[in-house]
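Residues per chain, in single letters:
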Amino acid sequence: MSFTSSAGITGPQAHPEALDAAVNSRPNVNRTARKAGGATFSDLLNETIKKASHPTPAVGGAGPLQSNGLGIVGMSPNMSRGNIMNTCNPLDLAVEGEGYFVLTDGRRDVYTRAGSFAVDANMNLVDPATGFHVKRIGSEGEIAGFQTPAHSEIRIPYDTTMPAKATSEIAVSGNLSANAGFSAPQKQVITSGLSYTYDNGTAATEATRINELDQHSGVLTSGTISIGGYKQDGTAIDADTTFAVDRSTTLGDLISHLNTNVLDGSTASLANGRIRITDDTAGYSKTDMTLSYSGNSSLATPAYFEISIPGGEESGNISITVYDSQGDKHVLSGAFVRAGAANTWDMILTSIAGNADKISIPNRRIEGISFDAGNGSYMGLNGSNSAEFAIAFANDAANPQTIRLNPGTPGKLDGLTQFAGNSTAAAKDQNGHGAGRLSTVSVNNEGTVVGAFSNGVKRNIGTIQVATFKNSPALEHVGNGHYIPSAGSGEPVAGRAMTGSAGSIHNGALEKSNADVAVDFVNMLQTQNGFQTNAETVKTANEILKELTSLIR
């Protein structure tokens, strides 16, 4: 009976501690990533009143008669993942797996599931509640200067300016029709990129004198216009072809000189102040022209002649925005033209919207783009032809910008193709951009911080470190949602999201507490019932002792 009293009192002593565990979850039910917990009961006292007996021929064996007390060996945290809640804040992060974010104060590391982060005045990613820095892993962002190689903290460089990058490659893809064509072959038409005017903007006519043009300055006494280019068949115009001008020379005189002394197979005219050259016969053509002026005055001449209508049986137009060395935009327009040889096309620049200083004729056409007659795949360029354009922009006229055309991998169908049907070829990408500043950041599922710049370019800035433990329920809670390793948890294994058991990272989301209100209320009621039951045991034992005492009297 004495054991009954002493063992019975252990129940009322243990159950209030269990109630504390249930009550402690209530204020934390809305805390980010807060983990619920419960008490673990075990035997506190143990007495064998009667030992077990062996069976006999008459009766079977009997088990031992024992009495146990109740105690609490510890509080067991529930480290299971809580629900993921979207917040739309790009620096709120949640781990869907077993991983923990790693924070540091410079002296020790702590681990947390609460990923409500912010950027401090020094551009470091931190836990704003404590100021602890978020640690990174790997070398992502170091080469670009976003991260410091010797430091493990993640820097979000909102003060970073990205310099402009000149376009050096254009990727094209799509189909060039093997059988489609115009109803009748086209005659090539080229038009000067410069429109001549007089009297502050009035379109010049053939009667307009050269020294009256808005594009002329100084006193014209004598000058020379040098003429170059190619005829329809690709042969060069004579290198020494020139036209002498003086104060009485008109644009009509220049047009007449072109038709009489220069052009062979083409005809020159003037349309809205622009010099126009039209082939006399339809078909594939390389007609092109350059004009330059020298004299005791100044006369602007066209930087190039636009190809208004490409000559040939079939062509497909494309356009794409490119960038020069200072980040200025230019729209390149081009055309794929079916060449004379079977399964062969040319790519020519037809015009440039922007401040182009000059396009040299050999550098505006990529010749001999060939295709396999059997499977329609791109096969490369014929002979020694180059897949590059060269354009001199006005801001750096002395250094022409080379732009390579990437039609795909020879022998594969990953770029241009030639099949029957419509022509769908288009420029799909280019590698240049203007200058920009970091404007926003996001984090992908692998924990990589991706920066979006004002110029539309995205760059990887760094990778967030995620640690895992062999036994995470044994982590020691040190407040603020932070944990540190214990002897039971094992040492942290540093890694990144989407590897091992670390799980993926959700951007713009937080992990809610895994405490369940309904379960906690049920546990509280059960704890209350357990307390009352154990208290009745003590009360009953006390009454029996009183009865025994009265018998002695």
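Residues numbered from 1 in each chain as written. Predicted model: local features only at pLDDT ≥ 70, side-chain atom pairs only at ≥ 80, totals over all residues. Heavy atoms only, no water.

## With respect to the packing of aromatic side chains
In total, this model carries six aromatic pairs according to the counting rule given. When the centroid spacing of 5.3 Å and the interplanar angle of 80° are considered together, the rings of Phe101 and Phe117 count as edge-to-face. Here Phe101, found in strand E5 (residues 100-104), pairs with Phe117, found in the loop between strand E7 (115-116) and strand E8 (118-119); they are 16 residues apart in sequence, far enough to count as distant. Residues Phe101 and Phe117 agree in their burial class; the two are buried. Taken together, a centroid distance of 6.2 Å and an interplanar angle of 70° make the contact between Phe371 and Tyr378 edge-to-face. (Phe/Tyr/Trp six-rings, centres within 6.5 Å; stacked < 30°, edge-to-face > 60°. Helix = DSSP H or I, 4+ residues; strand = E, 2+ residues; numbered from the N terminus. Buried < 20%, exposed > 50% of the residue type's maximum accessible area, 1.4 Å probe, protein only.)

## With respect to empty space enclosed by the protein
Taken as a whole, this structure holds three cavities of 30 Å³ or more when the rule is applied. Put simply, the largest cavity is a space of about 60 Å³. In terms of lining residues, the largest cavity is bounded by Ile170, Ile318, Ser319, Ile320, Leu332, Ser333, Gly334, Met347, Leu349, Phe389, Leu405 and Ala427. Among the secondary structure elements, those contributing two or more residues to the lining of the largest cavity are strand E24 (315-323), strand E25 (329-338) and strand E26 (344-353). Roughly 40 Å³ of internal volume is contained in the second largest cavity. Lining the second largest cavity are Tyr196, Ile210, Leu213, Ile225, Leu251, Leu254, Ile275, Leu291, Leu299 and Thr301. Residues belonging to the lining of the second largest cavity are distributed by class as follows: nine nonpolar, one polar and no charged. (1 Å grid on protein atoms, 1.4 Å probe; cavity = no way out; pocket = protein on both sides within 12 Å on 5 of 7 lines; lining within 4 Å. Points joined across faces, edges and corners; volume = space filled by probe spheres on them. Nonpolar A, V, L, I, M, F, W, Y, C, P; charged D, E, K, R; others polar.)

## Quick notes on the confidence of the model for the protein chain
In the predicted model, the protein chain carries a mean pLDDT of 85, and 78% of its residues have values of at least 70. Confidence drops under a pLDDT of 50 for residues 69-74, and excluding neighbours within four residues, the segment shows 30 contacts in the predicted structure. (pLDDT = per-residue confidence, 0-100. Contact = heavy atoms within 4.5 Å.)

## Describing the sheet that holds strand E19 (residues 266-271)
Read from one edge to the other, the open sheet built from four strands follows the order E19-E20-E13-E23, with strand pairing classed as antiparallel. Every other strand in the sheet has two partners, leaving E19 and strand E23 (305-309) as the edge strands with one partner each. Here the average twist between neighbouring strands, direction ignored, is 25°. Bridge count between E19 and strand E20 (residues 274-279): six bridges; the pairing is antiparallel. Bridging across to E20, Ala271 finds its partner in Arg274. Running at roughly 165° to E19, helix H3 (residues 251-262) makes contact with E19 and E20 of the sheet. (Pairing = 2+ DSSP bridges. Axes fitted to C-alpha atoms, helices over the stretch in contact; angles between N-to-C directions.)

## A closer look at the pattern of salt bridges
With the rule as written, the count across this model stands at ten salt bridges. Salt-bridge contacts for Glu511 lead to Arg113; the nearest nitrogen and oxygen are separated by 3.0 Å. Here Glu511, found in strand E42 (residues 509-511), pairs with Arg113, found in the loop between strand E6 (109-112) and E7; they are 398 residues apart in sequence, far enough to count as distant. The same class applies to Glu511 and to Arg113, which are both buried. With a shortest N-O distance of 3.3 Å, Glu169 and Arg404 are connected by a salt bridge. Of the two residues, Glu169 is situated in strand E12 (residues 169-175) and Arg404 in strand E31 (residues 401-406); the sequence distance between them amounts to 235 residues. On the basis of relative accessible area, Glu169 is assigned to the partly exposed category, the value being 28%. (Salt bridge = Lys/Arg side-chain N within 4 Å of Asp/Glu carboxyl O.)

## A look at the pairing of strand E35 (residues 448-453)
The element E35 is extensively covered by neighbouring structure, given that six of its six residues are classed as buried. Side chains of E35 alternate between two faces, with Thr448, Val450 and Ala452 and Val449, Gly451 and Phe453 buried alike. In this structure, strand E34 (residues 436-443) lies alongside E35, joined through five bridges in antiparallel fashion. From the neighbouring strand, Val443 faces E35, where its bridge partner is Val449. Hairpin remark: E34 followed by E35, antiparallel, with four residues in the connecting loop; positive phi at Gly447, about 85°.

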